[in-house]
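# Close look at the chain arrangement
Residue-level listing of the chains:
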Amino acid sequence: MEPNGSNFHNMTSSHHIAMETEVHRVAAPPHRSSLHKLKTLLKETFFPDDPFRQFKGKSWKLQLILGAKYIFPVLEWGPKYSLNLLKSDIVSGLTIASVAIPQGISYAKLANLPPIVGLYSSFVPPLIYAVLGSSRDLAVGPVSISSLIMGSMLRQQVSPSQDPLLFLQLAFSSTFFAGLFQASLGFLRLGFIIDFLSKATLIGFMGGAAIIVSLQQLKSLLGIKNFTKKMGILPVMTSVFHNIHEWSWQTILMGFCFLVFLLLARHISIRKPKLFWVSAGAPLLSVIIATLLVFASKAQNHGISVIGKLPEGLNPPSWNMLHFHDTYLGLVIKTGLVTGIISLTEGIAVGRTFAALKNYQVDGNKEMIAIGVMNIVGSSTSCYVTTGAFSRSAVNHNAGCKTAVSNVVMAVTVMITLLLLMPLFQYTPNVILGAIIVTAVIGLIDIPAAIQIWKIDKFDFLVMLCAFFGVLFISVEEGLAIAVGMSIFKVLLQITRPKTVMLGNIPGSDIYRDLHHYKEAVIVPGFLILSIEAPINFANTTYLKERFTRWIEEYESDEENAKKKSELKFVILDLSAVNAIDTNGVSFFKDLKMTLEKKNLELVLVNPIGEVMEKLQRSDDTNELARSDRMFLTVGEAVLSLLSTIKNHSSNYNV
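Conventions adopted
Residues numbered from 1 in each chain as written. Predicted model: local features only at pLDDT ≥ 70, side-chain atom pairs only at ≥ 80, totals over all residues. Heavy atoms only, no water. Axes fitted to C-alpha atoms, helices over the stretch in contact; angles between N-to-C directions. Helix = DSSP H or I, 4+ residues; strand = E, 2+ residues; numbered from the N terminus. Parallel < 35°, antiparallel > 145°, perpendicular 65-115°, else oblique. Left-handed = near helix turned anticlockwise from the far one by under 90°. Contact = heavy atoms within 4.5 Å. Buried < 20%, exposed > 50% of the residue type's maximum accessible area, 1.4 Å probe, protein only. Salt bridge = Lys/Arg side-chain N within 4 Å of Asp/Glu carboxyl O. 1 Å grid on protein atoms, 1.4 Å probe; cavity = no way out; pocket = protein on both sides within 12 Å on 5 of 7 lines; lining within 4 Å. Points joined across faces, edges and corners; volume = space filled by probe spheres on them. Nonpolar A, V, L, I, M, F, W, Y, C, P; charged D, E, K, R; others polar. Pairing = 2+ DSSP bridges.

### Some details on the packing of helix H10 (residues 199–216) against helix H21 (residues 458–473)
Viewed as axis vectors pointing N to C, H10 and H21 meet at an angle of 25°, and their least axial separation amounts to 7 Å. Here H10 is positioned roughly parallel relative to H21, judged by the angle of their axes. In terms of crossing hand, the pair formed by H10 and H21 is right-handed. Between H10, through Ala 200, Thr 201, Ile 203, Gly 204, Phe 205, Gly 207, Gly 208, Ala 209, Ile 211 and Ile 212, and H21, the contact on the second element is made entirely by Asp 460, Val 463, Met 464, Ala 467, Phe 468, Val 471 and Leu 472.

### Topic: the side chain of Ser 174
On the secondary structure map, Ser 174 appears in helix H9 (residues 164–187). With a relative accessible area of 0%, Ser 174 lands in the buried category.

### Side note on the pattern of salt bridges
One pass over the structure, following the stated rule, counts nine salt bridges. The partner of Asp 591 in a salt bridge is Lys 545, with the nearest N and O atoms 3.2 Å apart. Residue Asp 591 is found in helix H24 (residues 583–598), and its partner Lys 545 is found in helix H23 (residues 541–562); the two are separated by 46 residues along the sequence. Taken together, the shared-partner salt bridges in this structure form one network comprising Asp 457, Asp 460 and Lys 490.

### A word on the layout of surface pockets
Using a probe with the size of a water molecule, rolled over the atoms, empty space left in the structure can be pinpointed. Of the voids in this model, the largest pocket is the one considered here, and its volume is about 1400 Å³. Around the largest pocket, the lining is made up of 45 residues, and of these Phe 390, Ser 391, Ala 394, Gly 443 and Leu 444 lie nearest the centre. Among the elements of the structure, helix H5 (83–110), helix H8 (144–155), H10, helix H13 (249–271), helix H14 (276–297), helix H15 (329–358), helix H17 (390–398) and helix H19 (430–441) are those that each provide at least two residues to the lining of the largest pocket. With eight residues, the single largest contributor to the lining of the largest pocket is H15. Considering only residue class, the lining of the largest pocket consists of 29 nonpolar, twelve polar and four charged.

### Brief notes about the pairing of strand S6 (residues 570–574)
Summarising burial for S6: five of the five residues are buried, a large majority. Side chains of S6 alternate between two faces, with Phe 570, Ile 572 and Asp 574 and Val 571 and Leu 573 buried alike. Taken together, the five bridges between S6 and strand S7 (residues 602–606) define a ladder with parallel strand orientation. Of the residues in S7, the one forming a bridge with Val 571 is Leu 603.

Shown next as structure tokens:
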């Protein structure tokens, strides 16, 4: 309130008061029935993309064709497919297969599942996604974070070493519920639920989970046999140093060499994207070399553990292994819900990232249905939870993929591996799988994004830190829950404590802006002009009453002390940013008007939009709240009109 009103006096006397200003009437909104309002609300809530507009004015046959294309995107691009596109998709498909095979085996072990399940999960789900998915670049398969979460949550109640069959059953059952939840979100168009995982939450969560995943690989990289089952950083590091006597120098040497090789390959591909094939082929090359070294040197007899014999053949059916009863039902539902949300968020984010690079649209609801269906089907074909992986999708994109056929090529390559090449993995050392996992997840630690969040929003940075340290020191799911809770708290804080600002006039204009933002803005003598920048509802009316009372007291106190302004006569509320109001909001205006009348002040409303205007008029039986002479389109018109009224009253009084 430092700016005084002298500039405004000079400006009004020389310019505004002298000119005749047309005051525009605030029109009542057109009448809409309650049914029409409900239809509009439901449409904007569940169908903001208006998917039915393409069916308008079309014959029923054409509508059937369009409907089939909408449900199965492959029917949209399939008829246009050409040999040139196939060549590009074969190259990219073979490239991502070289990544998917070693990563599939590694991520299955991360989830405490048999390694073969990782390969099964890289065969069936990509085929389903190729038919239902809307992204051209998304490469589908197991991912590190979902594998970590599933393994850690299930291991809390069931030991994968003592009861491997039950653990496998629970993993498939959790995958079923994850897919059911994902598909339901798509069918019911409730995708906005996953928006509660903010960018800050995901960056902190991913970073913390990446460190936990990397530390878990110390078991393989150091050759430790008795390792902790807990996920926190403290028990993991304690287990590492309490078992120094189990460290194997042969394992450490091999792990260090291959880890350096993989990180160097990754660094080369980051520095020179055209050499993407270096990092893409490095994992498979590492597996081949490590397997040959172990086979030739009989290293399995000298302290280096190996995968062992893997079963040959395609995915066996697993619908008879789904576990929907007894004491574990709550566990599999909770695990499916958490892994479903995380994998769905990651898959859609990755798909949209690469779609933006190629200037095409990814339908979020189609993606939810596609990812959900492939997990439901996957749970019945010996697969665990899958989604679009960023590392594989980046390789797919850089390799020049054109359509989802690249996923089909990858799946066919995995199928050939399952049928013919399984005996070759018998001597693959576990240490190389640990090195592959560390190299894959290290990219999830996004330090530049964390710095950017710090610069933009300190509260978001705090949320990010809560997710990061919560995952590190408590647990994966509890760290995520804390971060989501803080994000929701921030939203509630913004709702219950809406921003209100005091406006002043920009000299030489009829523009009114925040006094603290625009230092040249000046207070208009006799007017307290306030702007509310949020909906007014039951959650914030009490705060607004208290805040407005304080605004008035501060204004009057300043007048008594400084004696530079005339007596306060009008309180003007700019409602341009108030897009909604409820019953409590209407009562707020009535109570505020009564309070102001007791102080001999008048309430003036500026630019109430449709819903607000309509509800105020319906509640105003005496026509006092929505008087036409106390309601204006702009603050400028309100001030000039009221100043003219004051001047006329003064002239009449003097006569």
